[in-house]
Amino acid sequence: MIRPKKLLQLNGKKLPDFKSVIKKAGLLACFFLFQTDLATGHPNSWKFDSESDALYRMVINLKTEEAISRLQKINHKENLYYRYYIQSLAECIEILITEDESKFPRVEANFKQRLNYLEAEKETAETLFLRAELSLQRGFCYLNMNQSFNAILSIRQAYNLTESCLRKYPDFLPVKKTSGVLQVMLGTIPDKYHWFLSLLGMEGSVKRGQNQLNELRQANLSLSVEANVLYYTIKGLINQQFAEASKGLTEILKKEPENRLLMFIAINMYMKNEQSEEALRLIRKLDQRTDGLPLFYLEYLRGEILLQKTEYGAAISSYQLFMKSYKGSSFRKDATLKIALACHMLNKPQQAKIWWDKAKNTGKDVAEPDALAAAMIDEGGFPNDKLFKLKLFTEGGYFKEARTMLAALNVTSFTTLKDQSEFLFRKGQFFEVTNELRSAMALYPKVIEMAGNNPWYFGAASCLQLGYIYKNANDIKLAEKYFERVLS
C-alpha cells in the first residue's frame, strides 16, 4: 500500500525526503544507466570494445569483485572512459546491495579521482555524459549511506551536466537515458515542494522522462534489454504500475534467464505485485548461484514471503540469517520486529516480548519498512492475529486463503473500533488487488468515516487508494479530492 512520505526539516520549512522519494526507483534503476554495444558505427553513441564488454557483463551479473580486480590490472589508457564507468558501476552496485559502510570511503575517493580527471579533460559529449552518470551513481551511494545533503548536491550536479549535454549535443543518445531517470525521479516530487527544486535550479517531468526512455526502447539499437528493464523498473517503483512492470520483466527474463541482477529486480517487483510465490521461485533459483556478489538481502525477502505463507519458524530462521550476514543498517529493525510477530503467531509470548523489546533499539528507522516497524512499536501491543494474517495473505497474493478468511469474518468479529476499521480496510485492499473494484470502492469510504480523526493510517490509506482508483478511471476530480484528503 502507498503511504504518505516522511519529510525533512530545514530552516522551518518542510523538505521532501529525497531518500524515500528518489531512492524508490533510483537504487534499482541505476544498475541499468548504461548498456553495452549502444550502436554500431553511430557517431552519437558509445560502443564498448570486446574487453570492456566482457567486464560490463561481469558486473551486471554481480561478479563485481572479479570485474574490479581485472580492471585494476589494466594499465593502458585506451578506452579509459569505458573502464571508469564500469568500475564505478561495480563499486556503486556493491554499496547499494550490501550497504557496507566500511567500503564507502574507498568508493567515495574513487568517485572524486575520476570526476577530477574528467573535469580536466576537454569537454565533449562523452565527458559530459560520463560526469553526469558518475555524479548520479555517487548520489545514489550517498542516499544509501543516509547522507541526504550530499546526495542532493550530487544529483543536482548530474542534472546540470545532463541538461548541458542535451543542449550542446542533442543527438547524443546515451544521455537521454540519464535524463530520463532524472526527469522521472524529480517529476515525482509533489507540487507543493517545487519551490525547493526551483531553489536548486531543477525541474522534472515524469512524462518527459518516460518519453526519453521510450525513445531509447524504440530505437534500432542493441540496448533493448537494459532500456526495457529501466523502463519497467520505473513503471513499477515510481508509477505504481506493478502489474505492467512485472509482466514486462517476465518477458525480459525469458531472454535473459540467468542474469542475477535482473532476477533480483524481478523478485522485488513480483513481491510488490502480490506474486510472492513467483518471487520465491526466483530466490530459490538464485540460491543455486553462488558466484559473484552475495545477496544477503534476499534472506530478508525470503523471510517476508515465509511469514506470508504462515511458515513462521522458517521465517524466523531467514530473518536471523539476514541480520547475521547483512552489513547494512536498513531493514534490521523491521526484521527484528517480524521475528517478534512470528513468535507471537507461534504462541510464544516470552520470546515474542524479548524480540519486541530488542526491536526498539535495533537499526534505524530511515527505510520505509523500518519506519513502519518503529510506528508499530510506538503504538504498542501486538496486532490482532486474524487481521495480521489477512494482511499477509493479501500482500503475498495468497488470495484463496484470504478469501476463505474473509468468508468467516465480519465487522462484529472484532470488538474495538480500530480493529473493525482495519478489517474493512483489509477487505477493501483484498478486493482492490483482486480487481473487484466496485466492492473496494464501496468499502474504503466506510473506513474513512469509521476511522475519523483517530491516528490510524487506515483512513489516509483508504483515501490514497481511492485516489489511485479514480485516477486510473480518468475521474481526475474525484482523484484529486481523495489525494487532498490524504494530507488532512
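Use the structure listed above.
Residues numbered from 1 in each chain as written. Predicted model: local features only at pLDDT ≥ 70, side-chain atom pairs only at ≥ 80, totals over all residues. Heavy atoms only, no water.

This brings us to the overall build of the chain. The helix and strand tally for the chain stands at 25 helices and two strands. Looking at the chain residue by residue over its 488 residues, the buried ones come to 56%. Accessible surface for the chain amounts to roughly 21500 Å². Of this, 49% is attributable to carbon and sulfur atoms. (Helix = DSSP H or I, 4+ residues; strand = E, 2+ residues; numbered from the N terminus. Buried < 20%, exposed > 50% of the residue type's maximum accessible area, 1.4 Å probe, protein only. Areas by Shrake-Rupley, 256 points an atom, 1.4 Å probe, with all protein chains shown as cover.)

Another point: the pattern of salt bridges. Counting across every chain of the model gives 25 salt bridges. For glutamate 123, the salt bridge identified is with lysine 168, shortest N-O distance 2.8 Å. Linking glutamate 123 in the loop between helix H5 (104-120) and helix H6 (125-144) with lysine 168 in helix H7 (residues 148-168), this pair joins segments that are 45 residues apart in sequence. Of the residues examined, glutamate 123 reaches a relative accessible area of 36% and is grouped as partly exposed. When the shortest N-O distance is used, the salt bridge between aspartate 287 and arginine 302 registers 2.8 Å. Of this pair, aspartate 287 sits in helix H14 (residues 276-287) while arginine 302 sits in helix H15 (residues 297-308), and the two are 15 residues apart along the sequence. According to the relative accessible area criterion, aspartate 287 is partly exposed, its value standing at 36%. (Salt bridge = Lys/Arg side-chain N within 4 Å of Asp/Glu carboxyl O.)

Tracing the chain through its elements places leucine 166 in helix H7. Judged by relative accessible area, leucine 166 falls into the buried class, the value being 13%. Each C-alpha atom of the pair leucine 166 and leucine 128 lies 9.5 Å from the other, and the pair is 38 residues apart in sequence. Discounting residues that sit within four places of it in the chain, leucine 166 has contacts with Val175, Lys176, Ser179, Arg208 and Gln212. (Contact = heavy atoms within 4.5 Å.)

Here we take up helix H21 (residues 399-407). Of the residues making up H21, those classed as buried are Ala402, Met405 and Leu406. One side of H21 holds all its buried residues, which, seen down the axis, span an arc of 100°. Facing away from the buried side of H21 by more than 90 degrees, the exposed set consists of Lys400, Thr404 and Ala407. Looking at the buried positions of H21, the neighbouring elements they touch are helix H20 (385-396) and helix H22 (417-433). (Arc of directions from axis to C-beta.)

This part takes up the packing of helix H2 (residues 50-60) against helix H4 (residues 80-98). The N-to-C vectors of H2 and H4 enclose an angle of 10°; their axes lie 10 Å apart at closest approach. In terms of orientation, H2 and H4 fall into the roughly parallel class. Between H2 and H4, the residues in contact are Ser52, Leu55, Tyr56 and Val59 and Tyr82, Ile86, Leu89, Ala90 and Ile93, respectively. Tallied by class, residues from the contact of H2 with H4 come to eight nonpolar, one polar and no charged. (Axes fitted to C-alpha atoms, helices over the stretch in contact; angles between N-to-C directions. Parallel < 35°, antiparallel > 145°, perpendicular 65-115°, else oblique. Nonpolar A, V, L, I, M, F, W, Y, C, P; charged D, E, K, R; others polar.)

As a further point, take the environment of aspartate 100. For aspartate 100, the position within the fold is in the loop between H4 and H5. Of the residues examined, aspartate 100 reaches a relative accessible area of 13% and is grouped as buried. Put simply, aspartate 100 and serine 329 are 229 residues apart on the chain and 8.7 Å apart in space, counted from C-alpha to C-alpha. Those residues in contact with aspartate 100, other than ones at most four positions away along the chain, are Ile95 and Lys327. A distance of 2.5 Å separates polar atoms of two side chains, one belonging to aspartate 100 and the other to serine 102. (Polar contact = N/O pair within 3.5 Å; in protein donor to acceptor, adjacent residues only side chain to side chain.)

Phi at glutamate 274 takes a positive value of approximately 55°, unusual for a residue other than glycine. Turning to its location among the elements, glutamate 274 is positioned in the loop between helix H13 (260-272) and H14. Overall, the relative accessible area of 21% leaves glutamate 274 in the partly exposed class. With a phi close to 65°, threonine 310 is a non-glycine residue in the positive phi region. Note on placement: threonine 310 falls in the loop between H15 and helix H16 (312-325).

Per the counting criterion, the structure on display carries one cavity of 30 Å³ or more. In this structure, the largest cavity spans a volume of roughly 30 Å³. As for the largest cavity, its lining consists of Glu99, Glu101, Asn144, Met145, Asn146, Gly328 and Ser329. In terms of residue class, the lining of the largest cavity is made up of one nonpolar, four polar and two charged. (1 Å grid on protein atoms, 1.4 Å probe; cavity = no way out; pocket = protein on both sides within 12 Å on 5 of 7 lines; lining within 4 Å. Points joined across faces, edges and corners; volume = space filled by probe spheres on them.)

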